[in-house]
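Commentary on secondary and tertiary structure
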Amino acid sequence: MNTATTPALASLSEMLADSPAVKAVISRAPIVAVAESARTIFVAALANRTIRRPIVVAVPTGADADRLAQDLLAFLPASAVEVFPAWETLPFERVSPALETMGRRQRVLWRLRTGDFPAVVVAPIRALIQRLGPSVGEFTPVVLRRGTSIDRDEILNQLVTMGYRREYQVEGRGEVAIRGSILDIYPTTADHPVRVDLWGDEIDHLSEFSIADQRSTVKIEEVSVFPAREVLPTPELMKRAEQLRTKEPWGAQTWDRFSRGEIFDGMESWLPWLTDSETLLTDFLSPDALVLVCEPRRARDRAKDFLTEEFALAETLASTSEGTTADEFVESLRCVSDVEILLIERDISSQSRVCSSADTKADASSVFLFHFNQNIANIWSLRVCSLRRYSG
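What counts and how
Residues numbered from 1 in each chain as written. Predicted model: local features only at pLDDT ≥ 70, side-chain atom pairs only at ≥ 80, totals over all residues. Heavy atoms only, no water. Helix = DSSP H or I, 4+ residues; strand = E, 2+ residues; numbered from the N terminus. Expected span 1.5 Å × (residues − 1). Buried < 20%, exposed > 50% of the residue type's maximum accessible area, 1.4 Å probe, protein only. Contact = heavy atoms within 4.5 Å. Core = buried A, V, L, I, M, F, W, Y, C linked by side-chain atoms within 4.5 Å. Axes fitted to C-alpha atoms, helices over the stretch in contact; angles between N-to-C directions. Parallel < 35°, antiparallel > 145°, perpendicular 65-115°, else oblique. Left-handed = near helix turned anticlockwise from the far one by under 90°. Nonpolar A, V, L, I, M, F, W, Y, C, P; charged D, E, K, R; others polar. Arc of directions from axis to C-beta. Pairing = 2+ DSSP bridges.

The next subject is helix α5 (residues 99–114). An ideal rise of 1.5 Å per residue puts 22 Å on 16 residues; α5 measures up with 22 Å between its terminal C-alpha atoms. The complete set of buried residues in α5 reads Leu99, Thr101, Met102, Gly103, Arg105, Gln106, Val108, Leu109, Arg111 and Leu112. Of the surrounding secondary structure, the elements contacted by the buried residues of α5 are β3 (81–83), β4 (120–124), α6 (125–129) and β6 (165–166). Positive backbone phi, at 85°, marks glycine 115, one or two positions downstream of α5.

Grouped together as the largest cluster of nonpolar side chains are 36 residues, with contacts concentrated most on Leu144, Leu159, Tyr164, Ile185, Val196, Phe258 and Leu274. Beyond its immediate chain neighbours, meaning those up to four positions away, leucine 274 contacts Pro134, Val231, Leu237, Arg240, Leu244, Trp255 and Phe258.

Moving on: the packing of helix α8 (residues 235–247) against helix α9 (residues 252–259). At a minimum axis separation of 8 Å, α8 and α9 run at an interaxial angle of 155°. The pairing of α8 with α9 is recorded here as roughly antiparallel in orientation. Helix-helix and strand crossings are classified by hand; for α8 and α9 the assignment is left-handed. Contacts between α8 and α9 pair Leu237, Met238, Ala241, Glu242, Leu244 and Arg245 from the former with Trp255, Asp256, Phe258 and Ser259 from the latter. Per-class residue counts for the contact of α8 with α9 are six nonpolar, one polar and three charged.

Moving on to unusual backbone geometry. Look at the link from arginine 53 to proline 54: it is a cis peptide, with omega at -5°. Phi at glutamine 214 takes a positive value of approximately 65°, unusual for a residue other than glycine. Note that glutamine 214 resides in the loop between β10 (202–209) and β11 (216–219). For glutamate 295, which is not glycine, the phi torsion reads 50° and is therefore positive. As for its placement among the helices and strands, glutamate 295 is situated in the loop between β13 (290–294) and α11 (296–320).

All of the buried residues along α9 are Thr254, Trp255, Phe258 and Ser259. The buried residues of α9 all sit within an arc of 135° when viewed along its axis, so they share a single face. Residue glycine 261 follows α9 closely and has a positive phi angle near 80°.

The subject of this paragraph is the pairing of strand β7 (residues 175–179). Counting buried residues along β7, four of its five residues qualify, which places the element largely inside the surrounding structure. Here two bridges tie β6 to β7, and the two strands are oriented parallel to one another. Bridged to arginine 165 within β7 is glutamate 175. Here β7 runs beside strand β8 (residues 182–185); their pairing, made up of four bridges, is antiparallel. When the bridges of β8 are listed, valine 176 appears paired with isoleucine 185.

Right, here's the structure in full:
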């Protein structure tokens, strides 16, 4: 696919770059009322009008995020739009998120960390409040280019360390296989697997191939391979697991697997025990980032539902763990971060709310914030605070 092709409606969004709604955001207006049907072209026009990067658009659900990002491709180049998806798994569920989800999240964080900012990052509210792994953002993707020389075995070991499974034949994302001078990889962020054909140590051919018949299809010049896991057995994490064997003996079997450097399904669900930090997507934003919240009332309700669900699951876990209460599980093992810290202490309060007509009837000069309540019986409560403008 030629990502350099001009989007079909690019000129239309450029024509609206000087519209009153776009100028209002540039002028730091706290409220901008935009019809839902016009939300896509509004964001595209804003991206063409401002040089601030990235524009982070927070929406209530993952479906909203995917739909907005897909629609934006009619106005902006594919490289200018990214989705930062949330995990599909429930808190404390012993199942790993989809490999594609983890890969896409890693790609967004890498672009933010290296300064290769997309114009727009669309994220559901759950993804914004979800804690990240202890080593996330510290990785570098494996970049393979035609005509360059590589050490095949070194690349294979690196991919396995990044969470890829070695198989006889690649059939799904996150798998890698070697047959003679051919290295097959299915990157977590790619639509098709990639075949690396070596001539000695040099990459002679690089192409996509079909899963069905394993035949090469489209030739490509370069591919970036991102990790298949968000929680990887780094030396720091393995040391932490060793300490947990004494502090939390009930999970000794799992801590042993982490301390040995194993990669296994469901390892991401142990994140609350493996780090004390509350690293969020917003920690990777540049001072020039612009943050918009779409449908803040609905986004608030979605976040509140997720937090209620987390507490209910903590109660269930507490009932199976001797001497542990739901209060303690929620207090020490939260999978999401305190959103007041997210929006106030880190000084990244949303500059503008992109509201529907229903939203504009109340709280017209405020931005919603979640406040962590120490009374665990009512662990999360909503309060409305005055807007604090984003610095920069």
